[in-house]
Structure formats: C-alpha cells, structure tokens
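Commentary on secondary and tertiary structure
These are the residues of each chain, in order.
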Amino acid sequence: MAAHHTSRRHLLTTAAGLGGTALAATVATAGEAAAADTGAGWLNVRDPAYGALGDNSADDQPAIQQAIDAAGQGGTVYLPPGRYRIASPLRLSLGVTLRGDWNPHFPDRTFMADSFIRPAYGGVFEGEALIVIDPAPVQDSYYKSAYRGGPRLYGLALRGCYDDQAIKAQNAAGTGIDGIRVTPGVKDVGMDKVTVWRFTGDGVNAQDAAAFQLNQVHCVGNDGHGFTWGDSQGTGGGLVDADLFQCYSQGNGGNGYDILNPNAVTMVDCRAEWNDTHGYHVTGINYSMVMVGCNTDRNGEDGFHLSTSAGGRFLQLLGCLAKRDGREAATGSAGFRITGTAAEGVVLTGCSTSTGRDDDNTGSYSPSYGITTSALNSASCVSVVGGEYVGTAGPFNDVGAVVVRHSGVTAGTQTDSGMVWDKSDVHMVSGAAGTVRDVEFRSRGANVRWALRATAGAESGSNQGSDFALVRYADNGTTLDTPISVSRASGRVTLTTPGTTVNASASPGVNLVQTQSAGQGYAVTGADTSSRAFQSQVTGDSVNRFALGIDGTQSFGPGGSAGRDTSWGRLGSARIGSGDSDIVAGMAGKGLRIKEGTDAKMGTLTLNGATAVEVATTAVTATSRVFLTVQAPGGTPAGVAYVSGRTAGKSFSVKGVAGDTSTVAWLIVEPA
C-alpha cells in the first residue's frame, strides 16, 4: 500500500467522514502523535490524544484547546464534521490554523445542523467570545511585531443559537457573546471561508488590531455588528493593513461593517444586506481605503455611511452599488452618506444607487437620496465620476456643498408613479459659501489660460450664492482681467473688456426685447461727459457718421473721413435744439406744430375794439417776441392789433381799434 503517496489531510478527512474512531486513531498513531510532539503538521481534534467528541453535548473546549496548544507555529488543528459544544472560548495566539470543512453562505437557509462549533447553552458559557485571538508571544520590534503569531481560521461554521435558531445563547454573565474576538495588539490574522451566525454579540470583533486577510467570511443574524474594528470609546485602534474579499454581512442588529480609522484597507466584492443600521459604517481618521465592487441591499439606514475626521486622506469607491437602503429611516436615508469634519480625497467612480421596497414589494421606497453630504468643512471635496444616483426625495442632498459631479452621472427621483429622470449630462462643482470654485482651461504643459469661476463674494439675504465670472490669465499664469461677470443677486451681466465685437450674419445683429413694464432698454454710464454712449459708421468710414454722447447730444457727419458737422441736443434747462445747424422741414406738408392750451406759447383771442384783451400765460417773458395775425375778421375790422402790455411770467394784453372784434392768433417766440 503506497500510503506515503496519500496526503495526511485526505486520510484524516476520510477517517472522520467514515465516523471511524479506530481508523482515525490509526492514522494519528503514525503521524499525528509525532506532530503533537513536534508542534508541526495536522492535528485531528477527534484523535484520542485530544478526545473531542463533536456530539453537541460534551464540552469539547479542553480537547480542541489542547490540540491548538500542541500544534505550534505553522501547525493545523483539524475539526472533522461534527457538532462541537464548548463551554469557554478557544484561544489562539501562535501561527496555528484552525480548520474545518464547512461554511454555509446562507446558514439560516441551509440549516447547518450537523457541523458547527457553538457555545454552551443556558447561560453556562464562560467568556465573551467563542474564539479569542490574543497577541503573539513576542512583540519587541516592528519586524517581530507578530513573531510566531499569525493564526488562521479556515472552513469553520460558528453558531450562536439553539437548534431551532430562534433562541440565541447568552454567557454566564448574561451579556452577549461574540463569534470571534480579536484582542488589542494582534497583528496578522487570516480567515478563509468562515461563517459566524446568530450570536448575541458581534460576528467578528477586533479592536486595535492590524494585518487582516479575510476571504469569504460571512457574518449573519448577529445581535451586534457583523464585523467591527474599533474600540469601545471609538477613539483609538481601528483597521490597519487589511484585505477583505467577498465577505458577507447580513441581518445583523448593528452595522454590517463597522470600521474605525481605516489605514491601507482594501475591500473587494463585499456585501452588506438587511442590517439594522448601516451597511458600511466608516468613522474616524480615514488614512487610506479602497472599496471595489462592494454592494448593499435594504439596510435599515445608509448603505455606505462614511463619517471621516480631519487628518486623513483617500477614500476611493469603485463600482459600488447601494440598493434599497434606509428601510428603517423615516426620511433622510442615503445610499452614500459622506459626513464628519473632513472628506478630503473621497472619490466615487462608477458607483450607483437604486430605490426599492421589500422583497415582497411591501414597505416604503428607499433611500431618500442617492448621495448626501453634511457637516463637512470648506476644504472637503467629494468627487463623483459616472454612475447612476436616485432617491425618493432626490438624487443628491449636498448639505455639505462639496459634491463635484463629473460627466456621465445620471440622476433620478423615485415617485409612486415611477422614476423621474434627469437626463442632462451635468458637471457639478460645489463648495461652501465664501470659497472660489473654478473650472480651469489649460494648454497641456502650460499655465491656466481661462477659468469659469463661482466667486467668493456672498450675497445679502439667506440665499448665500456667489457671482459668476470668466477670468483671463496671462502666459505666466497671473490674472489679467475678468471680461465677463454675472451678479447672482440681480442676474446682471458686466463686461470689463476693452470692447465687444458682434459679427452678425443675420438681422438684427443685436435684438433687445424688454419684457419688463416701463423697463429700460440700454443704460450706459460714461467716465465723463465727453464719453459716447453709441456711435456708428459704414464699412470704409474712418470717422463715425453718427455719435450719441453720454449727455444725450447727437452729432452727424457725411461719412468717409469728413468730420461730423451737425449736432442736436440739450441747450439748457428744458431746451433742446442745435447750436450749429438750421432746423429744416425737408418735406412739403411737414413743418412746426405747437401745442395750445393753458400757459401755452400759441393761441387765439377775440379783439374788443380799443379795450385791452388779457391773455394769461406763464410762457411770456420780458423779452418775448409776440406775433399777432388776424384769423377771422369781425365787427368793424381794421387789421390793426398790437401788444399793449405784459407782465412777465403772467400775461400779456392785446388792443385793436373801436368796433374791431376780429379773431387774432398769437405766437410767442424767445430770442436765442
């Protein structure tokens, strides 16, 4: 028999699978007994040297612990299929692998009734966790910080409930039991294909520990968090140098993943579903963390709750999906919430949220928002690249005013009648009031050339907006000027350029439509009275043919290179005319029209013979020229009428001769 060609693990598995204690003992006699002496190789806990029964009745803790202590660094303690009841924690510190051959992904569905490790029921269990990992024996330097440590857990099912899975085990102190407890100071822990379900404490509880490698670790239905890295005060420790791959946290009473102060942490393809609070809860100083392809579903509050403190940098989420989160939150839940005192380096690339109800289509739609930000300082910036974000109240709730929304981001709002999509392709730049927000344009390898800017100026009132500006830069990168600015308060556009040229290919070139009642069309403010409000010419002219001065004076010329020779404008108070030109009515039938009436400069009167007829008008002056003409003869017309007297600013009088009652027209003209 070529026994030396058969692996020890295969023999041990076969022996345990047959349920043959004698066969297992035979195998152990040749190899495992020696391994127990040397601290190397595979140790089977069912071997008579250790005596674990796996019958769900006897306390197997002493037997398993004896094997762990005997294995030594690099050794493997193997638990064949069985129901291992323990009354106190299993403790590991050396680099020992505790190995089984089962780990259900959905333990409540598969109902693992025959293969697991569980605490003693009925308040008998003495301890706070089923498995406790302590620091390595030697920690005298950085390079020996885990000397002879580095325990591994593989293929284990840890069960914290009774057979009917409705009742969970308490310890003798009446407090909760964690599935796995990693005490402070531990470095280098590996877990592969481990399931922890229905414990009264946390699934995996690690405080102030570092260097974790977790692959397909499942924490399901625990009363506390699924996974937690931190300490009771939330101020120290955390998760450092860790890689989590395809881990699963479902139906826990706290957060799916509770992570403090992440530093050099990578999570890939992990899931958090139906946990009572957040799916992923990241707090403290975020030194560096990358989450790739992680997803959530129907957690009680936020899917990804990222509450970071000042002093950290870099939280990168790539291709993460938050689905139906916020089922326990009345309002305000979010697929992704970024909050705390700082969010430097938070980038969401290709991430998305989706809304939904419970699996049976009952309950309320959630979350309220795809992304929510709050309580962040003005230096924070959340960069969103691509993806699809939806919520019942809106896709974004940027309370922190820090979202920079790049091209390729789709947004929508879930209503009872369906999704209302914002189909615009938007680049969003957010920042706190009082800060400058720029979109810069550069030539590659050169300084900035142009910038579209939301200025730092604050508005009056509660709107707290800022003005918009187009900023021009010199070759050396210094600011030249702001050719265009727009007031946020009034909407007025200000041009500060040397001039504006409009090349119109259709008429009119500039068309101002004033929609305000009694509104103004153009308003020009000049530097002085010699400034011009408007001027015009024909192509080829070197001198403007028409100019409108800032004081309203109009001047005209023949065009070409000849100067303007005719003007028209204000000549004094309530006087308009030309100081250099005749007034010409150049069309037959056109002339001068003067309004008659009270205090007019033109009118008619009826003579009363030689008796003076008084005309009341304030238009008459001491130097007025009053012209009289007979319009209709009457009585004994003599054709004689003259101004017989005047009172400046009040009236003048006209007389004729006896018997003359003719109608006479009068006209007052002032000398220039």
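Residues numbered from 1 in each chain as written. Predicted model: local features only at pLDDT ≥ 70, side-chain atom pairs only at ≥ 80, totals over all residues. Heavy atoms only, no water.

1. Focus: the overall build of the protein
To keep things clear, this is the line we draw: Here a strand is any run of E in DSSP of at least two residues, a helix any run of H or I of at least four, and the numbering for each starts at the N terminus. Per-residue accessibility, obtained with a 1.4 Å probe over protein chains only, is compared with the maximum for each type, and a residue is labelled buried under 20%, exposed over 50%, and partly exposed between these values.
Per the secondary structure count, the protein includes four helices and 52 strands. Split into buried and exposed, the 672 residues of the protein put 42% on the buried side.

2. So, the nonpolar core
Quick reminder of the rule: Put simply, buried Ala, Val, Leu, Ile, Met, Phe, Trp, Tyr and Cys residues joined by side-chain atoms within 4.5 Å make one nonpolar core. Throughout, a contact is declared for two residues whenever any of their heavy atoms are within 4.5 Å.
With 90 residues, the main nonpolar core has Leu 98, Ile 180, Met 267 and Phe 336 as its most contacted residues. Residues in contact with Met 267, not counting those within four places in the same chain, are Leu 244, Tyr 257, Ile 259, Tyr 280, Met 289, Val 290, Met 291, Val 292 and Cys 294. Within the second largest apolar cluster, 11 residues are counted, among which are Val 615, Val 654, Trp 666 and Ile 668.

3. Some words on empty space enclosed by the protein
Note the threshold: Both cavities and pockets are sets of points on a 1 Å grid over the protein atoms alone; in a cavity a 1.4 Å probe fits but cannot get out, in a pocket the set is open with protein on both sides within 12 Å along at least five of seven lines, and lining residues sit with an atom within 4 Å of a point. Grid points are joined across faces, edges and corners, and a volume is the space filled by probe spheres set on the points. Asp, Glu, Lys and Arg are counted as charged, while Ala, Val, Leu, Ile, Met, Phe, Trp, Tyr, Cys and Pro are counted as nonpolar; the rest, among them Gly, fall into the polar class.
As enumerated under the stated definition, the model contains two cavities of 30 Å³ or more in all. Empty space within the largest cavity amounts to approximately 50 Å³. What lines the largest cavity is simply Asn 286, Thr 308, Ser 309, Gly 312, Arg 313, Phe 314, Ala 342, Ala 343, Glu 344 and Val 346. By volume, the second largest cavity is sized at about 30 Å³. Forming the walls of the second largest cavity are 12 residues, and the residues nearest its centre are Asp 134, Pro 135, Ala 136, Val 186 and Lys 187. Counted by class, the lining of the second largest cavity contains five nonpolar, four polar and three charged residues.

4. Comments concerning the pattern of salt bridges
Pairing is possible between side chains that carry opposite charge, provided their charged atoms lie close to one another. For the record, the criterion: Each salt bridge in this description consists of a side-chain nitrogen of Lys or Arg and a carboxyl oxygen of Asp or Glu lying within 4 Å of one another.
Scanning the entire structure with this criterion turns up 19 salt bridges. Here Arg 181 makes a salt bridge to Asp 178, at a shortest N to O gap of 2.7 Å. Here the two residues Arg 181 and Asp 178 agree in accessibility, since each one is buried. Residues Arg 324 and Asp 297 are paired through a salt bridge, measuring 2.8 Å at the closest nitrogen-oxygen approach. On the criterion of sequence distance, the pair formed by Arg 324 in the loop between strand E25 (321-323) and strand E26 (334-340) and Asp 297 in strand E22 (residues 295-297) is long-range, its members being 27 residues apart. The burial state of Arg 324 is the same as that of Asp 297; both residues are buried. Through salt bridges with shared partners, one network takes in Glu 128, Asp 178 and Arg 181.

5. Things to note about the pairing of strand E11 (residues 187-197)
The following threshold applies: In this description, strands pair whenever DSSP reports at least two bridges between them.
Summarising the sheet, strand E9 (residues 152-159) and E11 pair through seven bridges and their orientation is parallel. Within E11, the residue paired with Arg 159 across the bridge is Trp 197. Pairing analysis gives nine bridges linking E11 to strand E13 (residues 209-220), with the strands arranged parallel. Along E13, the bridge assignment pairs Val 194 with Val 217.

6. With respect to the environment of Thr 500
Here Thr 500 is to be found in the loop between strand E41 (493-495) and strand E42 (532-536). For the pair formed by Thr 500 and Pro 483, sequence separation is 17 residues and the distance between their alpha carbons is 9.7 Å.

7. Things to note about the sheet that holds strand E47 (residues 602-606)
Basically, it comes down to this: To obtain each axis, a line is fitted to C-alpha atoms, and for helices this fit is confined to the stretch in contact; angles are then taken between N-to-C directions over 0 to 180 degrees.
In spatial order, the strands read E47-E52-E49; together these three strands make up an open sheet with antiparallel pairing. The open sheet is flanked by E47 and strand E49 (625-632), the only strands paired with a single partner. Neighbour-to-neighbour, the strand axes of the sheet open up by a mean angle of 25°, direction not taken into account. In this sheet, strand E52 (residues 663-669) lies alongside E49 in antiparallel orientation, the contact comprising seven bridges.

8. Regarding the pairing of strand E31 (residues 387-391)
Counting buried residues in E31 gives four out of five residues, a clear majority hidden from the surface. As paired strands, E31 and strand E34 (residues 409-415) are joined by five bridges and run parallel to one another. The residue of E34 that forms the bridge with Glu 388 is Thr 410.

9. Focus on the side chain of Asp 178
To keep things clear, this is the line we draw: Contacts described as polar in this section are N or O atom pairs within 3.5 Å, which, within protein, must combine one atom able to donate a hydrogen with one able to accept it, while residues neighboring in sequence count only if both atoms come from side chains.
Counting through the fold element by element, Asp 178 comes out in strand E10 (residues 178-182). Overall, Asp 178 belongs to the buried group, its relative accessible area being 4%. Polar contacts involving the side chain of Asp 178 include one to the main-chain amide nitrogen of Asp 202, which spans 2.7 Å. Excluding anything up to four places from it in sequence, Asp 178 contacts Glu 128, Ala 129, Leu 130, Phe 199, Gly 201, Asp 202, Gly 203 and Asn 205.

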